[in-house]
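Chains, contacts and geometry: an overview
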Amino acid sequence: MSKLLRPLSALALVCLLAACQTPTSPPMSSSPEGFAQTAERLVLAGLDRSPEASISAGRYDRAGEVTLPDAASRAADLAFAEAGLATLARFDPTTLPPAQRIDHGLLKNRFESTRWQLQTFREWAWNPARYSVAGPIGLLLNTPYAPEAERLRAVSSRLARVPAYYAAARGNIDNPTPEHRELALTQSRGALTLLGPALRTRVAGSALSPAEQAEFITRLDAARAAIESWQAWLGTVAAQRPFRIGAELYEQKFRFDVQSPLTAAQLYDRAAAEKERLHADMDLRTRELWPRYLAGQPMPDDRLERIGRMVAHLSQQHVPREQFVAEIRRQIPLLAEFVRRKNLLEQDETRPLVVRETPPYMRGGGAIASISAPGPFNPTANTYYNVTPLDDFSAEAAASLLREYNHWVLQILNIHEAIPGHYTQLLHANKAPSLAKTLLRNGAMVEGWAVYAERMMLEQGWGDQAPEMWLMYGKWNLRVVTNAMLDIAIHTRGMTEAQAMDLMQREAFQEPAEAANKWRRARLSQVQLTTYFSGYADILDLRARRQAQLGTAFDLKTFHDQFLSVGSAPVRAIGDLMTGAARP
Ligand code: ZN
């Protein structure tokens, strides 16, 4: 597993010893080497404190230990964040080399965000859905990082702590939102399924000794009982807290989570203007296409109605369901070839993307396509493009999905997930390895890049500037735009369900099921839905700034390569580096 780990620990140790043994060196040291080691030590120390975060990051040496969510662990988290901030304050970021300056900013943001979460946002007190034992156990059961018996021993050890875990969780919850209570109940049903009969069968057939098996089953029974009593308690607890977090908390969370130069309110205005621009563009395409596809049918007077008619008509063009995965596999080399021919950015041919059918344990989350990237402790592993075959779908569900991922949108999906979207961005990020940027990566940059890649590829001629492609792109991009508007309006402007549905269905052409799902998601999370548009808008702004700065010397490939070389850092920080702007 962690080839990287031992050398790093040794490095951290050397750093500490060196600091002890050289009292003559200035305490305000900000030599680059010193900070790099400090940053690594802080990130690893953060991981070491959380067996659960370690498991997510692909490190399993303490997989059997459980963090109890009690007041003592919150106090320890706060102390760790304060100590981390004090350590960071010893370094003046403006004197650090660029890559380290960004790590400094990421770590500082993380520690400040932890403090804000614990003291101000206090989600630990009102969101019972954050308490679930299933996540880490599911990963241990499904990730073949070690022989099965070893993994089952780690699970057994975790199961022993489940009763104490839910006792601590109960002590935290005070007046949750009804929505999060409902989600917690749904999740606990999922946990009981994970700890159900299939696991008993698996243990019985495993290499565990009879005594270990008996102990496992005793712990399993006690864990199930604890989850059932958590469910019963949740069913009775008063839940009246409003799910809308309000403008003040929202702006604060937006600042920590996105780290954009814009405020959430500014981003809303930006998204609203972009919606208008997309509608105008889609209408132009619709009018152009009407005689070709719907000749003889009267064109509706209402702009959104006629766009919707054309979108629905074109959506009928799609691959047959049995060729869904094969078609995606076919397109990947074509996208790579286009990027090469147009000289859009550097590609690494030594690390090809492996398209595979989504492993069964990863299905059911709703995503039809996703990228599985190697973790920081397993950097040479393959990158997988998981595509879920439609075999298990009902005829109706498959037809709806194929209309959604029609002839044009399927290409845009591949650009987003694979080339030059997530997969390409990740390969570039791996060339400048930094634990801070890998583990504290900025989601708005990662998603923003994939969304930017869609538009950039079309601008460069993927799809031959066909009006059908731009129309479908408009519909696809409207989802990102309206996600941002919805999230901000729901949490800070009192947007009602009817208003949200109207925005999604009438103005963004979404199916009722998709819109209903999004309304649910927007009430359960805050800010996350804005990250796609936020990162995208910030990248477009940065590109325009670079073009203005460089004039005719601007080169798109250089811009992309420079942008990607920094890693998964906030767009604002990458922009400061590229444009030479200083920011305190
Ligand atoms: Zn994405």
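All residue numbers refer to positions counted from 1 along the written sequence of the respective chain. Reporting of local features is limited, given that this is a predicted model, to residues whose pLDDT is at least 70; pairs of side-chain atoms are given and counted only at 80 or more, and all residues count toward the totals for whole chains, interfaces and linings. To obtain the side-chain values, all non-hydrogen atoms of the structure were included, while hydrogens and water were left out.

A word on the overall build of the chain
Along its length, the chain carries 27 helices and 3 strands. The globule rule is 2.2 Å times the number of residues to the power 0.38, and the radius of gyration it is compared with is taken over C-alpha atoms. Taking 2.2 N^0.38 as the reference for a compact globule, 584 residues should give roughly 25 Å; the C-alpha atoms of the chain span a radius of gyration of 25 Å, in line with that estimate. By principal-axis analysis of the C-alpha atoms, the chain measures approximately 75 × 60 × 45 Å. The classification of residues rests on relative accessible area computed with a 1.4 Å probe and restricted to protein chains. Under 20% of the type maximum is buried, over 50% is exposed, and intermediate values are partly exposed. Taking all 584 residues of the chain together, 52% fall into the buried category. Measuring between centres, the 66 positive side-chain charges of the chain sit 3 Å from its 62 negative side-chain charges. For helices the rule is a DSSP run of H or I covering at least 4 residues; for strands it is a run of E covering at least 2, with both sets numbered from the N terminus onward. In summary, the charge assignment counts Lys and Arg as positive and Asp and Glu as negative, without counting His or the chain termini. For the purpose of locating charges, the reference atoms are NZ of Lys, CZ of Arg, CG of Asp and CD of Glu.

Details of helix 13 (residues 247–258)
Taking 1.5 Å as the rise per residue, helix 13 with 12 residues should run 16 Å; its terminal C-alpha atoms sit 16 Å apart, in good agreement. Those residues of helix 13 that sit buried are L249, Y250, K253, F254, F256 and V258. At the exit of helix 13 stands Q259, carrying a positive phi of roughly 55°. Under the convention used throughout, the expected extent of a helix is 1.5 Å for every residue step, that is, one less than its residue count.

Some words on the environment of E251
In this structure, E251 sits in helix 13. The class of E251 is partly exposed, set by a relative accessible area of 28%. Residues E251 and N142, 109 residues apart in the sequence, show an inter-C-alpha distance of 38 Å. In this description, contact between two residues means that some pair of their heavy atoms is separated by no more than 4.5 Å. Setting aside chain neighbours within four positions, we find E251 in contact with T263, A264 and A265. Definition of a polar contact: a pair of N or O atoms within 3.5 Å, with one able to donate and the other able to accept a hydrogen when the atoms are protein atoms, and with sequence-neighbouring residues admitted only if both atoms are side-chain atoms. Polar contacts involving the side chain of E251 include one to the main-chain amide nitrogen of A264, which spans 2.9 Å.

Observations concerning the sheet that holds strand 1 (residues 353–357)
Sheet architecture is open: 3 strands sit in the order 1-3-2, paired in mixed fashion. Edge positions in the open sheet fall to strand 1 and strand 2 (369–372), since each of these has one partner strand only. Taking the axes of each pair of neighbouring strands and ignoring which way they run, one obtains an average angle of 25° across the sheet. Whether two strands pair comes down to DSSP finding at least two bridges between them. Bridge count for strand 2 against strand 3 (residues 383–387) is 4 bridges, and the pairing is antiparallel. By the bridge assignment, I371 is partnered in strand 3 with Y385. Across the sheet, helix 16 (residues 324–341) touches strand 1 and strand 3, and the angle it forms with strand 1 is around 175°. Orientation is described by lines fitted to C-alpha atoms, with helices fitted over the stretch in contact, and by angles between N-to-C directions that extend from 0 to 180 degrees.

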